[in-house]
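One-letter residues, chain by chain:
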Amino acid sequence: MKLAQALHEAALSRTPIPQPVDDFDVATAYEIQEELLTLRGEPLSGVKLGFTSEGKRRQMGVNDLILGRLTPSMAEVDVAKYIHPRVEPEVAYLVGRRIETVEDALRPGAVVAVAAGLEVIDSRYENFRFSLESVIADNTSAAGYAIGPWKAYDPDDWNLGVLFEIDGRPVHVGSTGAILGDPRRAVVEAARLAVQVGLAIEEGALLLAGAATPAEPLREGARVQVEIQRLGKVVL
Ligand code: 0L1
Ligand code: MG
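By the naming in an unreviewed UniProt entry, the protein chain is 2-oxo-3-hexenedioate decarboxylase, taken from Nonomuraea dietziae.

Now the structure itself:
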């Protein structure tokens, strides 16, 4: 597919591309995303959800969440690799059993651990502008991530305070409850979208549940820290 190739080359060359002119539907967008990941030539390390806050969906004029795929090299965050990166605080879950159906996501042990996370998003489109379909094709802007120390999953740990700091200054405070109203819902929502696109979420996979506050530009040399009550810290 031409768009997958163009997005792959945009990431490699750090040169953003214009919005695609042709319309395509969500199913086609996920096919392009899969093609893009094949071009990357890496296994998956996990999945992520995007548009998990009502405010962001309203701002973008969309009414569903989006699913992206994570790869091991995204764990090597290096500002020099990106086009116009932004960073946002996330809740990260560790998947404890293979999820191929929504029912699997509801079974005990679907999630075994939780951590404070950071996601780097970097649209391969000019000016970070996209439609729902074009951002899905662009693997939901996924570009990097960092995860703090894992803590055994406790279902009571869901509505927790979040402090997002850059260079020692608070830039946002929030709550993990801003993620889907309850970040625990991310497991079922990720399963629903994964089933829709024919993807299984493997045991040991990482699940980035969504952003707890707005994203901020990621500058070269910046010290970025997210601290989540009871879960601990992650630093970039
Ligand atoms: O992870 C996210 O919520 C981002 C999804 C894609 C939209 C964006 O690039 O802001
Ligand atoms: Mg995100």
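Resuming the write-up.
A. Region of the structure containing the site of ligand 1. Taken together, 13 residues lie around ligand 1, and K48, K56, E88, E119 and S141 are the ones closest in. A distance of 3.5 Å is found between an oxygen atom of ligand 1 and a backbone nitrogen or oxygen belonging to F51. E119 is positioned with one of its side-chain polar atoms (N or O) 3.0 Å from an oxygen atom of ligand 1. In isolation ligand 1 has 300 Å² of accessible area, and contact with the protein removes 97% of it. When each cavity is represented as a set of grid points, ligand 1 is found to reside in the largest pocket. At the level of secondary structure, the elements contributing two or more residues to the shell around ligand 1 comprise strand 1 (46-50) and strand 4 (111-121). For the shell around ligand 1, the per-class residue count stands at six nonpolar, three polar and four charged.

B. Up close: the pairing of strand 8 (residues 169-175). Bridging between strand 7 (residues 161-166) and strand 8 involves six bridges; their strand directions are antiparallel. Across the sheet, F164 pairs through a bridge with H172, a residue of strand 8. Counting the residues that bridge the hairpin from strand 7 to strand 8 gives two residues, and of these D167 lies at a positive phi of roughly 50 degrees.

C. Region of interest: the UniProt feature "domain: Fumarylacetoacetase-like C-terminal" (unreviewed entry) in the protein chain. UniProt feature "domain: Fumarylacetoacetase-like C-terminal" (unreviewed entry): in the numbering of this structure it lies at residues 75-234. Secondary structure across residues 75-234 comprises 15% helix and 36% strand; the distance between its end C-alpha atoms is 13 Å.

D. Looking closely at the environment of Y82. Within the fold, Y82 resides in the loop between strand 2 (66-70) and strand 3 (86-95). For the pair formed by Y82 and R14, sequence separation is 68 residues and the distance between their alpha carbons is 6.1 Å. When sequence neighbours within four positions are dropped, the list of residues in contact with Y82 reads R14, E76, V77, V120, D122, A143 and G144. There is a polar contact of 3.4 Å between the side chain of Y82 and the backbone oxygen of A143.

Reading guide: rules and limits
- Throughout this document, residue positions are counted from 1 along each chain, in the order its sequence is written.
- Chain letters start at A and ligand numbers start at 1, both assigned in the order the entries are written.
- Confidence filtering applies because this is a predicted model: local features only for residues at pLDDT of at least 70, side-chain atom pairs given and counted only at 80 or more, and all residues used for totals across whole chains, interfaces and linings.
- Heavy atoms from the whole structure form the basis of all side-chain values; hydrogens and water molecules are not counted.
- The criterion for a residue being near a molecule or strand is simple. One of its heavy atoms has to lie within 4 Å of it.
- We define a polar contact as two N or O atoms separated by no more than 3.5 Å, with the added condition that, inside protein, one atom must be a possible hydrogen donor and the other a possible acceptor, whereas residues neighbouring each other in sequence contribute only through side-chain atom pairs.
- With residues, only the protein chains shown are counted as cover, and all accessible areas are computed by Shrake-Rupley using a 1.4 Å probe.
- Grid spacing is 1 Å over the protein atoms alone, the probe is 1.4 Å, and a cavity is where that probe fits but cannot get out, while a pocket is an open set with protein on both sides within 12 Å along at least five of seven lines and lining residues have an atom within 4 Å of a point.
- Should more than half of a molecule's atoms lie within 2 Å of a pocket's or cavity's grid points, that molecule is taken to sit in it.
- Numbering of helices and strands runs from the N terminus; a helix is a DSSP stretch of H or I covering at least four residues, while a strand is a stretch of E covering at least two.
- Gly is placed with the polar residues, together with every amino acid not listed as nonpolar (Ala, Val, Leu, Ile, Met, Phe, Trp, Tyr, Cys and Pro) or charged (Asp, Glu, Lys and Arg).
- Pairs of strands are assigned from DSSP output, requiring at least two bridges between the strands.
- UniProt positions are given in the numbering used here, feature names are shortened, and annotations may be inferred rather than shown by experiment.
- What makes two residues a contact is simply this: any of their non-hydrogen atoms within 4.5 Å.

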